[in-house]
Amino acid sequence: MLELVRKDARFFLAASLVALALRLVFVLHFPAVVDDSRLYADIAENWLGHGVYGITDSSQVVPTLSRLPGYPAFLAAVFAIFGWSNFRAVLLIQVLFDLGTCLLIADLARRMFSEQAAKAAFLLAALCPFLANYAAAALTETMEIFFTALALDLALRGFAAFRRDIESSAMPALVTWLGCGLSVGACILVRPDGGILFAAIAACLFLLFMRRMVVRGSIQLGSAPPVLPVLRAGVILTICTFAPLIPWTLRNLHTMRRFQPLAPRYATESDEHPMPGFNRWIKTWMADYTSVQEIYWRVPGDAIDFARLPERAFDSPGERQATQQLFADYNQDHEVTSERDARFAALAAARIHAAPLRYYLWLPAARIADMWLRPRTELLPSDPRWWEFDDDPTWLTVSIVFGLIGLAYVAAAAAGVWRSRDSFGIGLLVMFVVLRSLFLGTLENPEPRYTLECYPAVIVMAAAFLIDKFHRNHRKPA
């Protein structure tokens, strides 16, 4: 990749300056420091100042396991150098990481297709407003996307070595898979769903291993057959992915008296009620991000407006009445007690029994579609109910434009997959996107940011489509 950058230095310099300018616009005019940002910062500052990985509760530092230590460690490093709660420094450093992501995406395209595809991918990543927007947010996405792109790039390098049956270069191969595993481990330490990346890479290794086993018939240890490098890569990947979780797991066993290798499913504290009935009821009708903002995030602690529930939340007038009464009871003190949670669970059970396909198939598909296709303006002042067309004209235009840009990226990627379906590496990218999308469909809260980790793959596949289209048009007679 460095050779390509040197050869086309003018292009990469110009594209990098445009990428930097776009990200600085978001940092300067739309910096996002939200409640989660402050929680991560509180953990980081307690870690720095008191040596306790914990949150501040009634002026006391209380150990926590609700968030994995990857992003707090990043914040702690930045705060230690640039000053406590210096979010401006955090965002500027994230901009640099995001520029690094653009280079990694370009290298992915170079490995899979060509140098022209690498340049197209770099430009698509540099101009992507969604990556730029989240670089200006004190959240985990930028770091997660960077390590995802790094892991995919290293994995493709490892798979390329298998294609050439390189056995004599065992040390470079070992380093490649070691780096890939550590990158996946970093993804998991930043966000627990980073484990999906491990599943995608491991699945591709397993399929390659089985195919070579079938071709070779058996493993002959004395002759170092091609199956052994694949097996070795899988072992190294697994060890290096999960080894970084050992200190966190041991800390939770020692401090929290709890076996917790990841963060809890609902990011709850040890003494916090996870509200299983409420969450199950939410999944019986949740299909869009707007309801996440208006209902899901407000419970517990804030009043919820029954009128904001969509019609799909009820199957009968009796169910509507029961739900309305439950909301009225909740709004008295804004708490989901065990008794109220049981009532939510009963509503959920009845709805699932009445329409199991809706719960297990149609609603997950709707949530996946919403996360991929809705305008990604959740960090901007745009109205989340953009389709009602009563927002400020400027922000309504932003919502529509962002929606069209997102649709263009996804459509170009889909076309790129189809046209390049036999190309090296496509299977890994598609495996990752599919597995992650299926996982996201199981969540109660369809947030568009959860699909951003797939954008390195999306951009590479979109670049393949654009380059293929350019060459096809270029070959046409005038």
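Placed above this text is the structure.
Structural notes, computed from the coordinates. (Residues numbered from 1 in each chain as written. Predicted model: local features only at pLDDT ≥ 70, side-chain atom pairs only at ≥ 80, totals over all residues. Heavy atoms only, no water.)

### A few points about the overall build of the chain
Each helix and strand in the chain was counted, giving 20 helices and two strands. For the chain, whose C-alpha radius of gyration is 24 Å, the value lies close to the compact-globule estimate of 23 Å for 478 residues. Overall, the C-alpha framework of the chain stretches about 70 × 60 × 55 Å when taken along its three principal axes. Burial status across the chain gives 51% buried among its 478 residues. By sequence separation, contacts in the chain at least 24 residues apart represent 73% of the contacts at least 6 residues apart. (Helix = DSSP H or I, 4+ residues; strand = E, 2+ residues; numbered from the N terminus. Rg over C-alpha atoms; globule rule 2.2 N^0.38 Å. Buried < 20%, exposed > 50% of the residue type's maximum accessible area, 1.4 Å probe, protein only. Contact = heavy atoms within 4.5 Å.)

### A closer look at the packing of aromatic side chains
A complete count under the given rule lists 33 aromatic pairs for this structure. Note on Phe-30 and Trp-395: the rings are 5.7 Å apart at their centroids and 85° apart in plane angle, and the pair reads as edge-to-face. Note that Phe-30 is positioned in the loop between helix H2 (9-29) and helix H3 (35-50) and Trp-395 in helix H18 (residues 393-419), a separation of 365 residues in sequence. Looking at Phe-30, the relative accessible area reads 26%, which means it is partly exposed. Here Phe-278 and Phe-344 contribute two aromatic rings whose centre-to-centre distance is 5.2 Å and whose plane-to-plane angle is 80°, an arrangement assigned as edge-to-face. On the criterion of sequence distance, the pair formed by Phe-278 in helix H13 (residues 276-282) and Phe-344 in helix H16 (residues 338-354) is long-range, its members being 66 residues apart. (Phe/Tyr/Trp six-rings, centres within 6.5 Å; stacked < 30°, edge-to-face > 60°.)

### So, a nonpolar patch on the surface
On the surface, Leu-373, Trp-387, Phe-389, Ile-400, Leu-404 and Leu-407 cluster together to form a nonpolar patch covering roughly 580 Å² of accessible area. Ranked by the residues each element gives to the nonpolar patch, the list is headed by H18, at three residues. Position of Ile-400 relative to the elements: it lies in helix H18. A residue is classified by how much of its surface remains accessible, and Ile-400, at 35% relative accessible area, is partly exposed. (Patch = residues over 30% accessible without salt bridge, like charges linked within 9 Å, V, L, I, M, F, W, Y side chains within 5 Å. Areas by Shrake-Rupley, 256 points an atom, 1.4 Å probe, with all protein chains shown as cover. Salt bridge = Lys/Arg side-chain N within 4 Å of Asp/Glu carboxyl O.)

### Some remarks on the pairing of strand E2 (residues 60-63)
On a regular strand, each side chain points to the face opposite its neighbour's, so the side chains alternate between the two faces of the sheet. In this structure, strand E1 (residues 54-57) lies alongside E2, joined through four bridges in antiparallel fashion. Considered in E2, the bridge of Thr-56 is made with Val-61. (Pairing = 2+ DSSP bridges.)

### Focus: the side chain of Asp-370
As for its placement among the helices and strands, Asp-370 is situated in helix H17 (residues 356-373). Take Asp-370: its relative accessible area is 13%, and that puts it in the buried class. At 3.0 Å, the side chain of Asp-370 and the backbone nitrogen of Tyr-289 are in polar contact. Those residues in contact with Asp-370, other than ones at most four positions away along the chain, are Ala-287, Asp-288, Tyr-289 and Pro-446. (Polar contact = N/O pair within 3.5 Å; in protein donor to acceptor, adjacent residues only side chain to side chain.)

### Comments concerning the state of the cysteines
Scanning all chains against the criterion turns up zero disulfides. Summary of cysteine pairing: Cys-128 is not part of a disulfide, and the nearest cysteine sulfur, belonging to Cys-102, is at 8.5 Å. Look at Cys-128 and you get buried, because its relative accessible area is 0%. Counting only cysteine sulfurs, Cys-240 is the nearest neighbor of Cys-180, a cysteine outside any disulfide, at a range of 9.3 Å. (Disulfide = S-S within 2.5 Å.)

### Observations regarding the pattern of salt bridges
Close approach of charged atoms allows side chains of opposite charge to pair. Scanning the entire structure with this criterion turns up 27 salt bridges. Of the charged contacts in the structure, one is a salt bridge between Glu-444 and Arg-265, with a shortest N-O distance of 3.1 Å. With a gap of 179 residues between them, Glu-444 in the loop between helix H19 (426-440) and helix H20 (455-475) and Arg-265 in the loop between helix H12 (245-256) and H13 connect regions that are remote in the sequence. For Glu-444, a relative accessible area of 1% translates into the label buried. Taking relative accessible area as the criterion, Arg-265 reaches 46% and is therefore assigned partly exposed. Residue Glu-339 pairs with Arg-343 through a salt bridge whose shortest N-O separation is 3.4 Å. With a gap of four residues between them, Glu-339 and Arg-343 both fall in helix H16, about one helical turn apart.

### Concerning helix H4 (residues 70-82)
The terminal C-alpha atoms of H4 lie 19 Å apart, and with 13 residues this matches the ideal 18 Å at 1.5 Å per residue to within 8%. Taken residue by residue, H4 has Gly-70, Tyr-71, Pro-72, Phe-74, Leu-75, Ala-76, Val-78 and Phe-79 as its buried positions. One or two residues past the end of H4 sits Gly-83, with phi positive at roughly 110°. (Expected span 1.5 Å × (residues − 1).)

### Let's talk about the packing of helix H8 (residues 141-163) against H19
For the pair H8 and H19, interaxial distance at closest approach is 10 Å and the crossing angle is 145°. For the element pair H8 and H19, the recorded crossing hand is right-handed. Only Leu-428, Leu-429 and Phe-432 of H19 make contact with H8, whose side of the interface consists of Thr-148, Leu-152, Ala-155, Leu-156 and Phe-159. (Axes fitted to C-alpha atoms, helices over the stretch in contact; angles between N-to-C directions. Left-handed = near helix turned anticlockwise from the far one by under 90°.)

### Section: the packing of H4 against helix H5 (residues 87-112)
Viewed as axis vectors pointing N to C, H4 and H5 meet at an angle of 115°, and their least axial separation amounts to 9 Å. Relative to H5, H4 is oriented so that their crossing is right-handed. Across from Tyr-71, Phe-74, Leu-75, Val-78, Phe-79 and Phe-82 in H4, the residues of H5 making contact are Phe-87, Ala-89, Val-90, Ile-93, Gln-94 and Phe-97. A class-by-class count of the residues in the contact of H4 with H5 yields eleven nonpolar, one polar and no charged. (Nonpolar A, V, L, I, M, F, W, Y, C, P; charged D, E, K, R; others polar.)

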